[in-house]
Each structure stands twice: as C-alpha cells, then as structure tokens.
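The lines below spell out each chain.
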Amino acid sequence: MRKLILAAASVAALALAGPASAQPPIVIKFSHVVAPNTPKGAAAEKFKELAEKYTDGKVKIEIYPNSTLYKDKEELEALQLGAVQMLAPSNAKFGPIGVREFEVFDLPYILPDLATLRKVTDGPLGARLLKLLEPKGMTGLAYWDNGFKQMTANRKLIAPDDYKGLKFRVQSSKVLEAQFRALGAVPQVLAFSEVYQALQTGVVDGEENTASNIYTQKMHEVQKYLTLTNHGYIGYVVVVNKKFWDGLPADIRGQLETAMKEATAFGNGRSAKENEEALEAIKKAGKTEIDSLTPAQDVALRKAMEPVYKDVASRVGQPLIDEFVKETGGATH
Ligand code: LMR
C-alpha cells in the first residue's frame, strides 16, 4: 500500500512537473537584411544553434533574414518597440536613431585591415561606443564583421573624375554621403532591400558594398563594373532590446552571452574568406568587369576622399575621430 501511495505521489509529482518543463520557450526574434549565406547570416545561424543548445531549448531563436520582417530603418524602430529582440545593423545605420558616433567606422580608409579593427572593437573604445546605445533602449552585445567595400557602377571607375555626376546608393550615414560628394557624385540613401531594383531600373547608377553583399543580392548582374578599392568597411553591432535582455533570468543571459561570444569568433573568423569566395563567384558569373587600381590610382582616390574627415568632424566628433585614428594608426589622413 505504502509503495502504491509513493508511486501515486511520484506520478502526481511528474504530472505537476510536466506543464512546468513544457513551458513555452523564450523566443528571440532576430531580424536582419542580408542573405543567410553571408558573414552576418552565417554568424546569426551559429548564434541560434549555440543559444538553443546552451539554454537546453529554453530559448528559441527565430531568424528573419533578407528584410523579410523589416527593412533597415524599420528594424531599429521595431527593436526599440520590442517587436523584435535582436538585430545586427551595420555601423552606418545608427545615425538616424541619434547615435552618430558609429559613423566613425564609415570614414574612408580609416581601417587598414581587420586585425586593426579588432584593436578598436575589443578595446575600451569599442566598449564605450556600445554604452552609447543604452539610452536608446538597446544593449550592444558584439561587433560582427562583414568586410571591405568595393565600388560598382555601369561606368568604369578608376580616376576620381569617373564618379562625377553619377548617383550612388548609400547606407543611412552622413559620412558616406560626404564621401560621394567629395567625388562629385550624388549620394542617395536607400534601404538595402531596395538596392538591386534601384540599380536595375537606373534610379541609381552605382553603389558600394562588400563582395558577399553584392553577390548574394545579385547586384553584379546589373552592374557592368566593379573596382577593387577596399576604401571602407562594413561591420555590425549586434543589439538586443535592453528591457528584454535585463529581464532575462541571469543563468539564461549568461548562456546567451557565451553563445554570442562563440558565434562572434566563428563569424569573424570566416568573413574575409566569404568575401574572397563571393568575389570569385562574381568573376565566374562573367557579367561584371573587375578592375584593380594601380598604386598611383589608389593614392588619387584616397586624396579625393580626404576632405570627408573635415566635412564630418563636427557631426561624428573630432576627438572621437582622433582617438580612433590613434588606436588604428592606419588612416592616412
Ligand atoms: C547595406 O545596407 O549595404 C549593408 O549594411 C547591408 C548589411 O547589413 O550588410
């Protein structure tokens, strides 16, 4: 009898435990604008895999790539409102919500290579920049790489004069607008999801982007020329809605932090290779002429973009630019 009672009690305990362990998972909606097979897309997938594993399924990550949920500006608003929990917008996209400091990453030729970038993002300056997001209701979790930008157009772009009068799509960054103005071109801000069509229909003549973004959005199919300029950088800040993040149980937040750290190392460890492969694929597709600059042509382009530093000094902040240049030691300005 005693045995029976004990057995019944354990069945009851199990029944009680049942609904608790079947609690619905915490869902993190992660929205982004690029294809899954890009540096950001792959890092997001890795984060999902690790986050779900480390939290033992208590957290479910739903990834919405390719602007399927929101476009550039909307996704930042959606994050602030709590409609999505996680994003990884490029540095260039924080200006419109009032955090202009991230535009420092957009300055032409400010980063000679990814190793130097790491000095900034992994150091005190990187941490301080992330703190600026908190008053906007966001917590910055990590810096993710894409890589260096190349120029594309339907006109061959070698000398600074070749840019004159052409319309170039830019991300929502005043630094990038100033960069094209310095070349005598006309910048036009467009959401990433609209670039292919704008190029195809001639709304804009050209754009700048990494090879992986160009290839996965098929921009090379509607651009006759690509010049290897490596003149600027595209990278991301992984941000999460602060209220949501602070409200998570501490153990789960810790597990997610570990997953983010590992996903960051994974993504940043392969971004350069992904861009090399994408460039190869663009070459193979045979629709775009790929041009390189001679050292003299490279110097000419750098010189033409030099005024940008002064043009945006008051917006981005001269002390921040100086600090950044000191950290990187790379800018030729
Ligand atoms: C762009 O708008 O060109 C990029 O920021 C897209 C991205 O997220 O890489």
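Everything here concerns the structure above.
A brief structural summary. Computed from a predicted structure; not experimentally measured.

1. Section: the pairing of strand 10 (residues 233-241)
Step number 1: Of all nine residues in strand 10, nine are buried; the element is thus mostly enclosed.
Step number 2: Residues Tyr233, Gly235, Val237, Val239 and Asn241 point to one face of strand 10 and Ile234, Tyr236, Val238 and Val240 to the other, with burial holding for every one of them.
Step number 3: Bridge analysis of strand 3 (residues 86-87) against strand 10 gives two bridges, and the strand direction is antiparallel. Within the sheet, the bridge partner assigned to methionine 86 lies in strand 10 and is valine 240.
Step number 4: Sheet analysis places strand 4 (residues 138-148) next to strand 10, joined by nine bridges and oriented antiparallel. Across the sheet, threonine 139 pairs through a bridge with valine 240, a residue of strand 10.

2. Re the sheet that holds strand 11 (residues 289-292)
Step number 1: Within the open sheet, the six strands sit side by side as 7-6-8-5-9-11. Their pairing is mixed. Each end of this open sheet is capped by a strand with a single partner; those strands are strand 7 (186-189) and strand 11. The mean inter-strand angle of the sheet, taken between neighbouring strand axes irrespective of direction, is 25 degrees.
Step number 2: Both strand 6 (residues 167-170) and strand 8 (residues 206-209) contribute to a ladder of two bridges, which runs parallel. Counted as the bridge partner of phenylalanine 168 is glycine 206 from strand 8.

3. Describing the packing of aromatic side chains
Step number 1: Tallying each qualifying case throughout the model produces eight aromatic pairs.
Step number 2: Between phenylalanine 105 and phenylalanine 324 the ring centres are 5.2 Å apart and the planes differ by 85 degrees, which places this aromatic pair in the edge-to-face class. In this pair, phenylalanine 105 sits in the loop between strand 3 and helix 4 (114-121) while phenylalanine 324 sits in helix 14 (residues 318-328), placing the two residues 219 residues apart along the sequence.
Step number 3: Judged by its relative accessible area of 0%, phenylalanine 324 falls in the buried class.
Step number 4: These aromatic residues form a ring-pair network of at least three members: Phe94, Phe102, Phe105, Tyr143 and Phe324.
Step number 5: If you follow lysine 46 out to its NZ or CZ, it ends over the ring of phenylalanine 266, 4.8 Å from the centre.

4. Observations concerning the sheet that holds strand 2 (residues 59-64)
Each strand in a sheet pairs with its neighbour through backbone hydrogen bonds, running either in the same direction (parallel) or in the opposite one (antiparallel).
Step number 1: Spatially, five strands are ordered 2-1-3-10-4 in an open sheet, and the strand pairing comes out mixed. Two strands close off the open sheet at either side, each with one partner strand: strand 2 and strand 4.
Step number 2: Strand direction decides the pairing type here: strand 1 (residues 26-31) and strand 3, joined by two bridges, are parallel. Note on strand 3: the bridge partner recorded for phenylalanine 30 is methionine 86.
Step number 3: Sheet strands in contact with helix 4 are strand 4 and strand 10, and its direction is about 170 degrees off that of strand 4.

5. Concerning the side chain of glutamate 207
Step number 1: In this fold, glutamate 207 is placed in strand 8.
Step number 2: At 2.8 Å, the side chain of glutamate 207 forms a polar contact with the side chain of threonine 152.
Step number 3: Discounting chain neighbours no more than four positions away, the residues touching glutamate 207 are Gln150, Met151, Thr152, Phe168, Arg169, Val195, Leu199, Ile214, Met219 and Gln223.

6. What about the pairing of strand 7?
Step number 1: As judged from the four bridges shared by strand 6 and strand 7, these two strands associate in the parallel manner. The partner of phenylalanine 168 across the bridge, within strand 7, is proline 187.
Step number 2: Each parallel crossover has a hand, and the one from strand 6 via helix 6 (residues 174-182) to strand 7 is right-handed.

Rules used throughout
Residues numbered from 1 in each chain as written. Predicted model: local features only at pLDDT ≥ 70, side-chain atom pairs only at ≥ 80, totals over all residues. Heavy atoms only, no water. Buried < 20%, exposed > 50% of the residue type's maximum accessible area, 1.4 Å probe, protein only. Helix = DSSP H or I, 4+ residues; strand = E, 2+ residues; numbered from the N terminus. Pairing = 2+ DSSP bridges. Axes fitted to C-alpha atoms, helices over the stretch in contact; angles between N-to-C directions. Phe/Tyr/Trp six-rings, centres within 6.5 Å; stacked < 30°, edge-to-face > 60°. Lys NZ or Arg CZ within 6 Å of the ring centre and 35° of its normal. Contact = heavy atoms within 4.5 Å. Polar contact = N/O pair within 3.5 Å; in protein donor to acceptor, adjacent residues only side chain to side chain. Right-handed = clockwise from strand over helix to strand, strands pointing away.

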